[in-house]
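Descriptive analysis of the structure
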Amino acid sequence: MKKNYTGRAFRMALLLGASFAAPGLFTAAHAQVTESGDITTPINTSTADNGSAADVILDGTITVEEGTAVSVDSDNTFTNNGAITVNASDDSVGVLLGAGFSGGFANSGTITMDRTQEQEDEANDSVAPVDFADNRTAILVQGSGTFTGDITLTSTSQVTVFGDMSAGLGIVGDLVGETQIDGDFTIRGADSQAVSIMGEMLGDLTFGSASSLNVEGVGSTGVLVAGDIDGAFIFGGSVQVTGYTDLTPDADDEVANVIQAGQQGGAGIKVSGDISGGLLINGAVPDGQLPETGEGEEEILNPVAATVTSFGGSPAVLVSGAILGNVNTSDLVDPATYGSFGFVNRGVLTAQGIYDGIDTFASIFENSNLTDGLRNDGTIRSASVNADAVSVLINNTSAPSVFSGGVVETQARGTAQDGDAPFAAIGILIQGTSAVNAVTNAGVINTVLTSDSGEAVGVRDETGSVVSFINRGVVAARSLDDLATDNVEGDDPVATIAYDFSANTSGISITNTVSDTLSGNLADRAN
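Residues numbered from 1 in each chain as written. Predicted model: local features only at pLDDT ≥ 70, side-chain atom pairs only at ≥ 80, totals over all residues. Heavy atoms only, no water.

**Notes on the overall build of the protein chain**
Of regular secondary structure, the protein chain possesses four helices and 49 strands. Taking the contacts inside the protein chain whose residues are at least 6 apart along the sequence as the reference set, 79% of them involve residues at least 24 apart. If you sum the accessible surface of the protein chain, you get close to 20,300 Å²; carbon and sulfur atoms cover 47% of it. (Helix = DSSP H or I, 4+ residues; strand = E, 2+ residues; numbered from the N terminus. Contact = heavy atoms within 4.5 Å. Areas by Shrake-Rupley, 256 points an atom, 1.4 Å probe, with all protein chains shown as cover.)

As structure tokens, then:
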């Protein structure tokens, strides 16, 4: 039976990663024009119908050398089922949604902010970043006032941008409406973003399971939320971000490796604006929390885990200077048992330094307020080479409860050189003026240091604010010898610490419900 996503079920569908295809047409309320040919001049909805305003459907192609290809500059809608191309030029836009108007935009086709042949050849031949045209945006909400209407990118949508200081979707003006993204973004260029929210939004920002964001550029970010969202931010797709042009170190060319290590990208997801409905990285809900379906209803399936990956020194997820309200969990079987949290991860967050000496952080929460705390039901992992690795860093942040029922995996690996400076692998690190009252582990916290010196720590609280620690799972801190044949004089010993609450001076309750011995299998011991 076809599922009717209304009311409670519609919210459940968003939380469980359902994708919604844009209709071929918006509801017909205005004159409508369909363009099916090959166009080389810009389109304006205000004059699309022989000088009068109309909704526009593009089934053909439009290619312009510069400027803006399509402008929604009236109370109308634009649907792209074809191909929009803007050739290499500064200050160019694929589709402009003018703030101050009401309408909507649906994309099932392609939008390409193109490069020159010389730039393509250079990208194929050089390890250094290519200098692309500046200030380019495939889909832009801009202008005085508010744009009112939904933005929908279906699973066949493809947005490609070659540009520095550019974006795939840029919301600079204010937006009232739902933003549903199920398509692909490919971004190449420095200081750019696949999706950039700078204005204020009233409505949810949702990435479905079909969405895929691939970003390569120094300082470039997958999703940037700098404006406030009065709604929820649900990420259910995949994003990969790097500043490297080569993800494999060259064993025979250290100069090339140094060049790559200097090319650092931005975060996979960065949030500095407030989000009233919190931030959910989507994936399977814990056992027993998936609602059962009634007789004759389509079965509700757990979504595929979202993935957020950073290759380099920037985190997969960075929440900085933000207030995150609670994620909506009302559709789970037992919300009270599940708890309330401003940040929930059910996906896979990964940070890999790849090159020597790059500190890695899978997730950072700094100078922020996570209402009621954060929860991990998925996987958070960080890996470094001759550098620190931290999977969860909480710094100067209020997160009353930290709960992990999933996996926190951290590895800092040394190389075959005795006497390297000591470095650390830490699973969860609480620093600064953070306010964290309780930490609960019901999953696996596995920390491994491969070196002759340094430390491996499962959980460390440097603030002294934690007054309750409960372990119902595995906390493992281990040291493995590196590739060096012998330690040298002056090497610090390797410290392995399952949990460190030594900063606490007022007392702490520690409850360990599994074996507290070091014997037996890894799955049976606490440290």
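Once you've had a look at it, read on.
**What about the pattern of salt bridges?**
Applying the stated criterion to the full structure yields four salt bridges. Residues Asp500 and Arg460 are paired through a salt bridge, measuring 2.9 Å at the closest nitrogen-oxygen approach. Taken as a pair, Asp500 in strand β48 (residues 494-500) and Arg460 in strand β45 (residues 454-461) lie far apart in primary sequence, 40 residues in all. The class for Asp500 is buried, based on a relative accessible area of 13%. Members of the salt-bridge network, linked through shared partners, are Glu455, Arg460 and Asp500. (Salt bridge = Lys/Arg side-chain N within 4 Å of Asp/Glu carboxyl O. Buried < 20%, exposed > 50% of the residue type's maximum accessible area, 1.4 Å probe, protein only.)

**Thoughts on the nonpolar core**
Membership of the largest hydrophobic core comes to 82 residues, with the highest contact counts inside it found for Phe233, Phe235 and Val271. In this view, Val271 contacts Val225, Phe233, Leu279, Leu318, Val319, Ser320, Ala322 and Leu324; residues no more than four positions away in its chain are not counted. (Core = buried A, V, L, I, M, F, W, Y, C linked by side-chain atoms within 4.5 Å.)

**Side note on the sheet that holds strand β13 (residues 146-148)**
Paired through backbone hydrogen bonds, the strands of a sheet run either parallel or antiparallel to each other. Across the sheet, four strands lie side by side as β13-β17-β21-β25; this open sheet has parallel pairing. The open sheet has two edge strands with one neighbour each: β13 and β25 (229-230). Inspection of the sheet shows strand β21 (residues 201-202) paired to β25 by two bridges, in the parallel sense. Looking at β25, one finds that Met201 is bridged to Ile229. (Pairing = 2+ DSSP bridges.)

**A few points about the pairing of β45**
Of all eight residues making up β45, seven are buried, and the element is well covered by its neighbours. Across seven bridges, the pairing between strand β42 (residues 423-431) and β45 is parallel. In the sheet register, Ile426 faces β45, and the bridge partner there is Val457. Sheet analysis places β45 next to β48, joined by six bridges and oriented parallel. Residue pairing in the sheet places Arg460 in a bridge with Asp500 of β48.

**Section: the confidence of the model for the protein chain**
Summary statistics for the protein chain give a mean pLDDT of 89 and a share of 88% for residues scoring 70 or more. Within the model, pLDDT remains below 50 along residues 1-25, and this stretch shows 65 contacts once partners closer than five positions in the same chain are excluded. Per-residue pLDDT stays below 50 along residues 483-490; that stretch engages in 10 contacts with residues further than four places along the chain or on separate chains. (pLDDT = per-residue confidence, 0-100.)

**Description of the side chain of Ser74**
Positionally, Ser74 belongs in the loop between β6 (68-72) and β7 (77-80). Residue classification places Ser74 among the buried residues on the basis of a relative accessible area of 9%. Polar contacts involving the side chain of Ser74 include one to the side chain of Thr45, which spans 2.8 Å. A distance of 3.5 Å separates a polar atom in the side chain of Ser74 from the backbone nitrogen of Ser46. Setting aside residues no more than four positions away along its own chain, Ser74 makes contact with Thr45, Ser46, Ala53, Phe101 and Ser102. (Polar contact = N/O pair within 3.5 Å; in protein donor to acceptor, adjacent residues only side chain to side chain.)

**Re helix α3 (residues 254-261)**
Regarding α3, the residues found buried are Ala256, Asn257, Gln260 and Ala261. The buried residues of α3 occupy an angular sector of 135° when the element is viewed end-on, so they sit on one face. For α3, exposure combined with an orientation more than 90 degrees from the buried face picks out Val255 and Val258. Its side-chain oxygen 3.3 Å from the backbone nitrogen of Val255, Asp253 forms the N-cap of α3. (Arc of directions from axis to C-beta.)

**Thoughts on unusual backbone geometry**
For Asn50, which is not a glycine, the phi torsion comes out positive at approximately 50°. Mapped onto the secondary structure, Asn50 falls in the loop between β3 (43-44) and β4 (55-58). Here Asn50 falls in the exposed class, since its relative accessible area comes to 77%. With a phi close to 50°, Met165 is a non-glycine residue in the positive phi region. Its place among the elements puts Met165 in the loop between β15 (158-162) and β16 (167-171).

**So, the environment of Gly312**
Along the chain, the position of Gly312 falls in the loop between β30 (307-311) and β31 (317-320). In this structure, the C-alpha to C-alpha distance between Gly312 and Gly265, residues 47 residues apart in sequence, is 6.7 Å. When sequence neighbours within four positions are dropped, the list of residues in contact with Gly312 reads Tyr244, Gln264, Gln352, Gly353, Ile358, Asp359 and Thr360.

**Topic: the side chain of Ser363**
Counting through the fold element by element, Ser363 comes out in strand β35 (residues 360-366). Not counting the four nearest positions on each side in its chain, Ser363 is found in contact with Pro315, Val317, Leu349, Ile380, Ser391, Val392 and Leu393.

**Focus on a negative patch on the surface**
On the surface, Asp246, Asp250, Asp252, Asp253, Glu254 and Asp356 cluster together into a negatively charged patch. You can see Asp250 is positioned in the loop between β27 (238-242) and α3. (Patch = residues over 30% accessible without salt bridge, like charges linked within 9 Å, V, L, I, M, F, W, Y side chains within 5 Å. Lys, Arg positive; Asp, Glu negative; His and termini not counted. Charge placed at Lys NZ, Arg CZ, Asp CG, Glu CD.)

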